[in-house]
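Observations on chain architecture
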Protein chains: 2
Amino acid sequence: MKIISGGVTAAKGFKAAGVHCGIRRNQSKKDLALIVSECEASAAGVYTSNLVKGAPVMVTMKHIAAGGKARAIICNSGNANTCCADGIEKAERMCALVSGHTGIAAEEVAVASTGVIGQSLPIEPIENAMPALVAALSADGSGDAAAAIMTTDTKVKERAVEFTLGGKICRMGGIAKGSGMIHPNMATMLVFVTTDAAVPAGTLQKILSADVRDTFNMVSVDGDTSTSDMVIVLANGKAENGPLSEADEKELAAALREITGYLCKMIAGDGEGATKLLECSVTGAATDGDARIAAKSVIGSSLFKAAMFGADANWGRVLCAVGYSGANVDVSRVDVSFESSAGRVDVCRMGFGVEFSEEEAKKVLSESEIKILIGLNSGSGSATAWGCDLTYDYVRINGDYRT
Amino acid sequence: MKIISGGVTAAKGFKAAGVHCGIRRNQSKKDLALIVSECEASAAGVYTSNLVKGAPVMVTMKHIAAGGKARAIICNSGNANTCCADGIEKAERMCALVSGHTGIAAEEVAVASTGVIGQSLPIEPIENAMPALVAALSADGSGDAAAAIMTTDTKVKERAVEFTLGGKICRMGGIAKGSGMIHPNMATMLVFVTTDAAVPAGTLQKILSADVRDTFNMVSVDGDTSTSDMVIVLANGKAENGPLSEADEKELAAALREITGYLCKMIAGDGEGATKLLECSVTGAATDGDARIAAKSVIGSSLFKAAMFGADANWGRVLCAVGYSGANVDVSRVDVSFESSAGRVDVCRMGFGVEFSEEEAKKVLSESEIKILIGLNSGSGSATAWGCDLTYDYVRINGDYRT
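Summarised in this report is the structure supplied together with it. (Residues numbered from 1 in each chain as written. Chains lettered and ligands numbered in written order. Predicted model: local features only at pLDDT ≥ 70, side-chain atom pairs only at ≥ 80, totals over all residues. Heavy atoms only, no water.)

Quick look at the relation of the copies chain A and chain B now. Between the two copies of the chain lies a relationship made up of a rotation around an axis and a movement along it. Least-squares fitting of chain A to chain B yields an RMSD of 0.0 Å, with the superposition described by an axial translation of 0.0 Å and a rotation of 180°. Given the turn and translation reported, the copies of this chain are related as if by a two-fold rotation axis. No C-alpha of chain A approaches the rotation axis more nearly than that of Tyr392(A), which lies at 2.6 Å. (Least-squares fit on C-alpha atoms with pLDDT ≥ 70 in both.)

With that settled, the discussion passes to the pairing of strand β2 (residues 14–19) of chain B. All names here are of chain B. With 5 of 6 residues buried, β2 lies mostly within the body of the structure. As paired elements, β2 and strand β3 (residues 32–37) share 6 bridges and run antiparallel to each other. Bridge assignment links Phe14 to a residue of β3, and that residue is Ser37. (Buried < 20%, exposed > 50% of the residue type's maximum accessible area, 1.4 Å probe, protein only. Helix = DSSP H or I, 4+ residues; strand = E, 2+ residues; numbered from the N terminus. Pairing = 2+ DSSP bridges.)

Residues and elements named next belong to chain A. Looking at where Asp270 falls in the secondary structure, it is placed in the loop between α6 (246–269) and β11 (277–285). Side-chain polar atoms of Asp270 contact the side chain of Thr154, separated by 2.4 Å. In this structure, Asp270 is in contact with Asp153, Thr154, Lys155, Lys157, Gly178 and Ser179, ignoring residues within four places of it in sequence. (Polar contact = N/O pair within 3.5 Å; in protein donor to acceptor, adjacent residues only side chain to side chain. Contact = heavy atoms within 4.5 Å.)

In this complex, chain A contributes 53 residues to the contact, which on the side of chain B involves 53 residues. Taken together, both faces of the contact between chain A and chain B bury some 4300 Å²; the carbon and sulfur share is 60%. At the junction of chain A and chain B, the tally comes to 0 salt bridges. At the junction of chain A and chain B, the tally comes to 12 residue pairs in polar contact (both at pLDDT 80 or more). Contributing elements (two or more residues each) for the side of chain A that touches chain B: α8 (302–309), α9 (316–324), β14 (352–353), α10 (358–365) and α11 (392–399) of chain A. Of the residues that constitute the side of chain A that touches chain B, the class distribution is 26 nonpolar, 17 polar and 10 charged. (Buried area = accessible area lost by both parts, 1.4 Å probe. Salt bridge = Lys/Arg side-chain N within 4 Å of Asp/Glu carboxyl O. Nonpolar A, V, L, I, M, F, W, Y, C, P; charged D, E, K, R; others polar.)

All names here are of chain B. As for its position among the elements, Gly78 is in strand β5 (residues 72–79). Owing to a relative accessible area of 25%, Gly78 belongs among the partly exposed residues under this scheme. Note: C-alpha distance between Gly78 and Leu32 (46 residues apart in sequence) is 9.3 Å. Those residues in contact with Gly78, other than ones at most four positions away along the chain, are Ile23, Arg24, Thr114, Gly115 and Val116.

Residues and elements named next belong to chain A. For the pair helix α2 (residues 87–102) and helix α3 (residues 124–135), the least separation of the axes is 10 Å and the interaxial angle reads 40°. When the axes of α2 and α3 are compared, the pair comes out oblique. Considering only the axes of α2 and α3, their crossing is right-handed. Where α2 approaches α3, its residues Arg93, Met94, Leu97, Val98, His101 and Thr102 are matched on the opposing element by Ile126, Glu127, Met130, Pro131 and Val134. The class makeup of the residues in the contact of α2 with α3 is 7 nonpolar, 2 polar and 2 charged. (Axes fitted to C-alpha atoms, helices over the stretch in contact; angles between N-to-C directions. Parallel < 35°, antiparallel > 145°, perpendicular 65-115°, else oblique. Left-handed = near helix turned anticlockwise from the far one by under 90°.)

Let us look at the packing of aromatic side chains. A complete count under the given rule lists 5 aromatic pairs over all chains for this structure. Judged by centre distance (6.3 Å) and plane angle (50°), the rings of Tyr392(A) and Tyr392(B) are tilted. Here Tyr392(A), found in helix α11, pairs with Tyr392(B), found in helix α11 (residues 392–399), and the two come from separate chains. Given a relative accessible area of 33%, Tyr392(A) falls into the partly exposed group. Arranged with centres 6.4 Å apart and planes meeting at 15°, the rings of Phe304(B) and Phe338(B) form a pair that is stacked. With Phe304(B) in helix α8 (residues 302–309) and Phe338(B) in strand β12 (residues 335–340), the pair connects residues that are 34 residues apart, well separated along the chain. (Phe/Tyr/Trp six-rings, centres within 6.5 Å; stacked < 30°, edge-to-face > 60°.)

With that out of the way, let us pick up the environment of Ala295(B). All names here are of chain B. Tracing the backbone through its elements, the reader meets Ala295 in helix α7 (residues 288–300). In the structure, Ala295 is positioned 87 residues away from Ser382 in sequence and 9.1 Å away in space, judged by C-alpha atoms. Dropping the residues within four chain positions of it, Ala295 is found in contact with Met218, Cys280, Val282, Ala383 and Ala385.

Residue and element names in this part refer to chain A. In this sheet, strand β15 (residues 369–375) lies alongside β11 in parallel orientation, the contact comprising 7 bridges. Of the residues in β15, the one forming a bridge with Glu279 is Lys371. Sheet analysis places strand β12 (residues 335–340) next to β15, joined by 5 bridges and oriented antiparallel. Note that in β15 the partner of Asp335 across the bridge is Gly375.

A word on unusual backbone geometry. Residues and elements named next belong to chain A. Positive phi outside glycine occurs at Cys83, with the angle close to 65°. One can find Cys83 in the loop between β5 (72–79) and α2. For Cys83, a relative accessible area of 10% gives the class buried. Notably, Ala311 is not glycine yet its phi reads approximately 55°, a positive angle. Structurally, Ala311 can be placed in the loop between α8 and α9.

All right, on to the sheet that holds strand β15 (residues 369–375) of chain B then. The pairing of strands in a sheet happens through backbone hydrogen bonds and is either parallel or antiparallel. Residues and elements named next belong to chain B. Spatially, the 6 strands line up as an open sheet ordered β14-β13-β12-β15-β11-β16, and their pairing is mixed. The open sheet is flanked by β14 (352–353) and β16 (381–388), the only strands paired with a single partner. Lying on the sheet, α7 is in contact with β11 (277–285), β15 and β16; it crosses β16 at an angle near 20°.

Here we take up α8(A). Residues and elements named next belong to chain A. Summarising burial for α8: 7 of the 8 residues are buried, a large majority. Within α8, burial applies to Ser302, Leu303, Phe304, Lys305, Ala306, Ala307 and Met308. At the exit of α8 stands Ala311, carrying a positive phi of roughly 55°.

The next subject is the packing of helix α1 (residues 55–67) of chain B against helix α2 (residues 87–102) of chain B. Each packed pair of helices is defined by two parameters, the angle between the axes and the distance between the axes. Residues and elements named next belong to chain B. Between α1 and α2, the shortest axis-to-axis distance is 8 Å and the interhelical angle comes to 55°. Considered as vectors, α1 and α2 are oriented oblique to each other. In this structure, α1 crosses over α2, and the sense of that crossing is right-handed. Together, Ala55, Pro56, Met58, Val59, Lys62 and His63 of α1 and Gly87, Ile88, Ala91, Glu92 and Cys95 of α2 make up the contact between the two elements. Of the residues belonging to the contact of α1 with α2, the class tally is 7 nonpolar, 2 polar and 2 charged.

This part is about the pattern of salt bridges. Residues and elements named next belong to chain A. Within this structure, the stated rule accounts for 45 salt bridges over all chains. Asp153 serves as the salt-bridge partner of Lys157, at 2.7 Å between the closest nitrogen and oxygen. On the basis of relative accessibility, which here comes to 7%, the residue Asp153 falls in the buried class. Salt-bridge contacts for Lys363 lead to Glu360; the nearest nitrogen and oxygen are separated by 3.8 Å. A residue pair is termed a helical-turn pair when its members lie 3 or 4 positions apart in one helix, as Lys363 and Glu360 do in helix α10 at 3 residues. For Lys363, a relative accessible area of 48% translates into the label partly exposed. Within the structure, one salt-bridge network assembled from shared partners comprises Asp211, Arg213, Asp214, Arg257 and Arg292.

This paragraph deals with the sheet that holds strand β4 (residues 42–47) of chain B. Residues and elements named next belong to chain B. Across the sheet, which stays open at both edges, the 6 strands sit in the order β1-β7-β8-β9-β10-β4 with mixed pairing between neighbours. The two strands at the open ends of the sheet, each matched to only one other strand, are β1 (2–4) and β4. Strand-to-strand twist in this sheet, taken as the mean axis angle between neighbours without regard to direction, amounts to 20°. Pairing analysis gives 9 bridges linking strand β7 (residues 157–165) to strand β8 (residues 168–177), with the strands arranged antiparallel. Residue pairing for β8: Glu162 is matched across the bridge by Arg171. Lying over the sheet, α1 contacts β4 and β10 (230–235), oriented at roughly 145° with respect to β4. Here helix α5 (residues 201–214) sits on the sheet and contacts β4 and β10; the angle it forms with β4, its principal contact strand, is near 30°.

As C-alpha cells, then:
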C-alpha cells in the first residue's frame, strides 16, 4: 500500500466539485460539495447515535439501507438542517436536485448538512448553484469538495492510498470535516470515502463498522456528540478486481484504516481553537474495552486539556480522569509518561508520582503533538484516543458561533 | 425554618478556626481549617466515586465507618495529598495532631485535603500551626474555616438555618469549597455541615445520602470528578431534642436541603472562571432519573456553556445535549425556554425551532443567573442541575494551575 494524492477523486470513476452557493455569507468560502461515481457503487454508512438526528442523516440512512447502493453525495455547510419542521422535505429536495441535474436516481444520493442547528435551510441558493456545481465536477475536484464541507475547520482534510486486490491495483481516498461538536459515538462528523475496488455492500459495511470503533469513535474535541455525524464509503468496482479473498478483505480494511486513522488525527489536531494534537495510548489494560474507556476519558477531560494548552505536566489530572472513567483499573498499578519530538518524561509509576525535571517536561509539552502513555500493568488490552487542548480560542469560537 | 448566620458554628457546641500555616505560599491566604464539637457527635459522610481516592478520603471513610462518630474535621488547601506513597501516613498524622492538641481520639477526627495531586504533603507547616489553630477555635470561626478550605474559589460559601424538632430549637450550618474539578458522583468537593440536633448516625447517613442525589450530584463545573470529594455532617445533640418522629426527620431533611441547595448554587456560580450561574430544570420526563440525566448533560456541554458565556441563544446545543445524554426522550416532544430576571424567551416547541427576538434573547441571557427550562412532555419526572458558563478565565486558570 502507498500514499497517493487525490482524496475522494483518487479512485477511478469518481468526480467531485465544491462551490460557493450562498448559504454562508462569506463569498470566498465554498459551501456546497458534490461527489459522483460514474457508475453504480456499493455504499456503507455509520451515523450519529444522538437521538436528535439531522434530517439529512435520516434521509441518507433510508437511502443506503434500502439497497446498499449510492452514486452521489451532496453536502452543504453553514446550516445543519436539523430540528426544523421542513428538514426532511429540504433534504429530499437536495437529492432530487442532484437527480435532476445528473440523471442519478434520487434514492442513490446521500445527503449531508453541517452548521447551525434549528434554522430553516434556504434551498434557493442550492437550486441556483446546481448547474455550476455539476459543471465543475472533475477528476481532481476533491480539494474543492473538502473545502466546501468545512465549518470552523482551518485545514482541508484529505487522504488517499493505492493498494492491490487479487492482482488489480485499487485506490481509496477520503475527505473529512470536523472541528467542534466532536465526540462521535458510532460515527463522527462528516467523512466521505470513495474506492474503485469492487466490494459487496455487506462486506463494505462490516469493514467500516469495525473500523470506526477504533478510529472516529476514539476522537473527542469537546465531548459533544453531534446530531449530524456521518461516515459514508462508496465502492464503484472500476478497479475490476474479482471476488474478495480473506487476505483481500484485510488489505481493504488496512487501506481504510490508513485513511480514517490519518483523518482522525487531522480532525483532533484541527479541533476548534486547538494548538496541540493529543494522542493518548493505553496499554496493559484488562481488556481493549477498558483501554478505550480510559483513553477516551483522559482525552475528554477539560482540566487535562487546559493543562496541555499551558504545557503543564499536571499528571494528577490524567490519573483523576482514569479513575472516574468507569474502566476496570487497579489504580495502584498505573504508569504515566509524556512524550513528544522533544523527548519523553516519566511522571507517575505504580500510582504514585516520581521526581522529574519540570524544565524537561515543559520542553516535551511545548511541542504541537503530545503523546500521553498510560500503562495499566494489568493485562494486554490496548487502545489509542485522539483529542486536542482546550484554549481561549475554543471559548471565543463557541461563545458567539451564530453571529 | 429560618435562615440564620454562623455557618458551621451556628449550631451549639461547635467551634471552628482557619489559619495560614504555609502550605500555600501566599501568606494572606488561610490554608488550614479545624472544626470541633465540644462533645461526641454522630457523623455521616459521602465520598468521591473516583477509583483514585485521596489518602484523606480513605482515612475519613475508615474513621466514620468504624463507629458513625466524629468530633473534629481538619482540612488543608494547597495540596490534595493524593497519589503520594506517604499519603495515608500523612493523613493519619493530621488526625493524630488534632488528637494531641485537643484530646479528641484520632479515630474521631475526619481529615480532608484539596489542591494539587501527586506532590507529597509537607507536614511540618501543619505541625507548627497546630497550637495557633487550636487557640483560634471560636464559636464564630466558621468564616475563617470556610476561607481556609478555598482553592480557586472566589467566594466564601456558608449557610445556616434554625428549625424545630419536637419543640426544641435546633440549628444546622455548613461550609463548602468547590470551583474546579467539579462533577461529583455520589459526593462533591468539600462540604462540612454541623447541627446541634440529636440524630442517630444511621438516620443522619440516610438523610445525607438521599440529599446528595438531588443536590451535589447535580452540579457540574467541568465534568471532572475529583479524587477528593467529601461531604461530612456532624450532629452533636446539644439542642436536646428527643427521638425523631417521622415529621422530625422530614424537617431535618428540609433543613439539610436548604443548606446543601444553597451551597450547590454557590459552587456552580463560583465555578472556575464562571461569569454566570446556569440552572437547568427538566420537567415532563418519563422518570426522575431520565430528567436528572438530561439536565446534567445540558449543564455539562462545553459547547452550550460557551454559548451562555457569549449570551448566544444557541438552543440547538441544548437539544443536541439532551439527544446524546442517554435519557429516554422523545425528541419530537421537547420544549426549550430561557429565563432570567430580564424575562423569558421560548426558543423550541415540540422539537422544532420557533421564531423569537434575538435582541430579547440577548437581554435574557446577559444576566448573571440563567434558567434553562426543558419540557419533555412525556411524563411527570423532573430534576434540576446547576452549572456555569465556559470562559477564557477557565482556560487561563487551568492552563497553568501548578505554577
